[in-house]
Amino acid sequence: MAKAPMRVAVTGAAGQIGYSLLFRIANGDLLGKDQPVILQLLEIADEKAQKALKGVIMEIDDCAFPLLAGVTAHSDPMTAFKDADVALLVGARPRGPGMERKDLLEANAQIFTVQGKALDAVASRNVKVLVVGNPANTNAYIAMKSAPNLPAKNFTAMLRLDHNRALSQIAAKISKPVTSIEKLTVWGNHSPTMYPDYRFSTADGKSVKEAINDEVWNKDVFLPTVGKRGAAIIDARGVSSAASAANAAIDHVRDWVLGTNGKWVTMGIPSDGSYGIPKDTIFGFPVTVENGEYKIVQGLEIDAFSQERINLTLKELLEEREGVKHLLG
Ligand code: NAD
Ligand code: LMR
């Protein structure tokens, strides 16, 4: 018997990430090739944005996706999030050249109080929320705190793009396929303070750290390359990453819904106090996923350098949180 459709809400649906994301969701890349989906698309009420959204929907229609059971356009989060099983919060202002993601805090934070409240009111009680809009960790924190009737664990932020960037840099360094590499993580904030960590990684079962055996490369090349990749893309393209961001969003939610078969992935999730990260801080952790529930990988040794890096990214997140306190009442 065919499965009942799942409702996927996407905000910022007429934006550049939206354009790379929606077609893949409708094609079954997010929830599986046997899972029908209904897309509930939110854009700002502005006439131009709504017209652009109509155009995107015309193109979605023209694909005649077999798994697409419906698509609706919205300008109100209260209708867009109704009964949503998955909510991808993409809509927000992107940064331009010379900006840091936290410079967007003032512009974007308000969006996530409104949307958190709407999710609280109308979404499925099991809704899986991924925040992509920057600064993603703090926006996810705002949405989570604005939705007191939903479990905090339903709110996550996207560190998967950083994870994938790290994976591809390591694969190139050791001349191995990305599929051979396991046990990688990126700790902390989606910002240049993030800490991509390959100390536990293996490639075909052998230690990546030993294969690289170059701490100078780690500190002076790998960490800044991954940490500043978003800015490098803005510099090269003139606009921020879109297709790779959409791809990471698909990876994040697919793994959350369908599981990781014991493999580690990185998710920005509310801390449960693990590794000394204060409870509810939305922090990049290594996780495994089974039956739709993520679990932080426990018992990893944190050496002095790693602790220093974790402290730095945590400090930034706590400062960002302080900066939005007034929005949370
Ligand atoms: P974009 O400007 O092309 O599109 C954003 C869309 O969101 C626009 O169409 C806009 O009208 C819409 N929007 C704005 N406010 C909204 C609201 N309140 N409700 C619904 N829609 C709203 O931007 P983009 O390139 O698609 O990027 C979107 C966000 O994702 C930016 O904040 C960007 O920095 C962020 N981003 C995050 C990551 C990550 O790894 N976490 C990666 C890439 C981009
Ligand atoms: C990225 O990492 O590519 C995004 O967060 C966009 C940005 O502002 O860097």
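Basis of the calculations
Residues numbered from 1 in each chain as written. Chains lettered and ligands numbered in written order. Predicted model: local features only at pLDDT ≥ 70, side-chain atom pairs only at ≥ 80, totals over all residues. Heavy atoms only, no water. 1 Å grid on protein atoms, 1.4 Å probe; cavity = no way out; pocket = protein on both sides within 12 Å on 5 of 7 lines; lining within 4 Å. Points joined across faces, edges and corners; volume = space filled by probe spheres on them. Helix = DSSP H or I, 4+ residues; strand = E, 2+ residues; numbered from the N terminus. UniProt positions renumbered as here; feature names shortened; annotations may be inferred. Buried < 20%, exposed > 50% of the residue type's maximum accessible area, 1.4 Å probe, protein only. Polar contact = N/O pair within 3.5 Å; in protein donor to acceptor, adjacent residues only side chain to side chain. Core = buried A, V, L, I, M, F, W, Y, C linked by side-chain atoms within 4.5 Å. Contact = heavy atoms within 4.5 Å. Salt bridge = Lys/Arg side-chain N within 4 Å of Asp/Glu carboxyl O.

Q: Could you clarify how one ought to interpret empty space enclosed by the protein in this entry?
A: Any empty space left between atoms is shown by rolling a water-sized probe over those atoms. Taken as a whole, this structure holds 1 cavity of 30 Å³ or more when the rule is applied. Of the voids in this model, the largest cavity is the one considered here, and its volume is about 40 Å³. What lines the largest cavity is simply Asn137, Thr138, Tyr141, Thr281, Ile282, Leu317 and Arg321. Those elements giving two or more residues to the lining of the largest cavity turn out to be helix H5 (136-145) and helix H11 (304-323).

Q: I tried to follow the UniProt feature "active site" (unreviewed entry) in the chain on my own but got confused; where do I start?
A: Under the present numbering, the feature "active site" (unreviewed entry) in UniProt falls on His190. Tracing the backbone shows histidine 190 in the loop between strand E8 (185-187) and strand E9 (195-197). What makes histidine 190 buried here is its relative accessible area of 9%. Looking at histidine 190, its side chain comes within polar contact range of the side chain of arginine 101, at 3.2 Å.

Q: Honestly, unusual backbone geometry in this entry has me stumped. Any pointers?
A: Trans is the common state for peptide bonds, and a negative phi is the common state for residues other than glycine. Geometrically, the link from asparagine 134 to proline 135 is a cis peptide bond, its omega value of -5 degrees lying close to zero. One non-glycine residue, aspartate 83, lies in positive phi territory at about 60 degrees. Given a relative accessible area of 38%, aspartate 83 falls into the partly exposed group. Unlike most non-glycine residues, aspartate 280 shows phi in positive territory, near 80 degrees. Take aspartate 280: it is sitting in the loop between strand E12 (265-270) and strand E13 (282-290). Judged by its relative accessible area of 17%, aspartate 280 is buried.

Q: Would you take a moment to explain the nonpolar core for this structure?
A: Among soluble globular proteins, nonpolar side chains are generally buried collectively. Within the largest apolar cluster, 38 residues are counted, with the highest numbers of intra-cluster contacts made by Ile170, Trp187, Tyr198, Phe222, Phe283, Phe285 and Val287. Of all elements in the fold, only helix H6 (160-174), E8, helix H7 (208-212), helix H8 (215-227), E12, E13, strand E14 (293-296) and H11 reach the threshold of two or more residues within this core. A per-element tally of this core places H6 first, with 5 residues. If we skip the residues at most four places from it in the chain, tyrosine 198 touches Ile170, Leu184, Val208, Lys209, Ile212, Asp214, Trp217, Asn218 and Phe222.

Q: Looking at this structure, how should I read the pattern of salt bridges?
A: Opposite charge on two side chains allows them to pair when their charged atoms are near. Summed over all chains, the structure comprises 18 salt bridges. Between aspartate 204 and lysine 176 there is a salt bridge whose closest N-O contact spans 3.1 Å. Taken together, the residues span a long stretch of sequence, with aspartate 204 in the loop between strand E10 (202-203) and strand E11 (206-207) and lysine 176 in the loop between H6 and strand E7 (181-182) at a distance of 28 residues. For lysine 176, a relative accessible area of 33% translates into the label partly exposed. As a salt-bridge pair, aspartate 255 and arginine 254 come within 3.2 Å of each other at their nearest N and O atoms.

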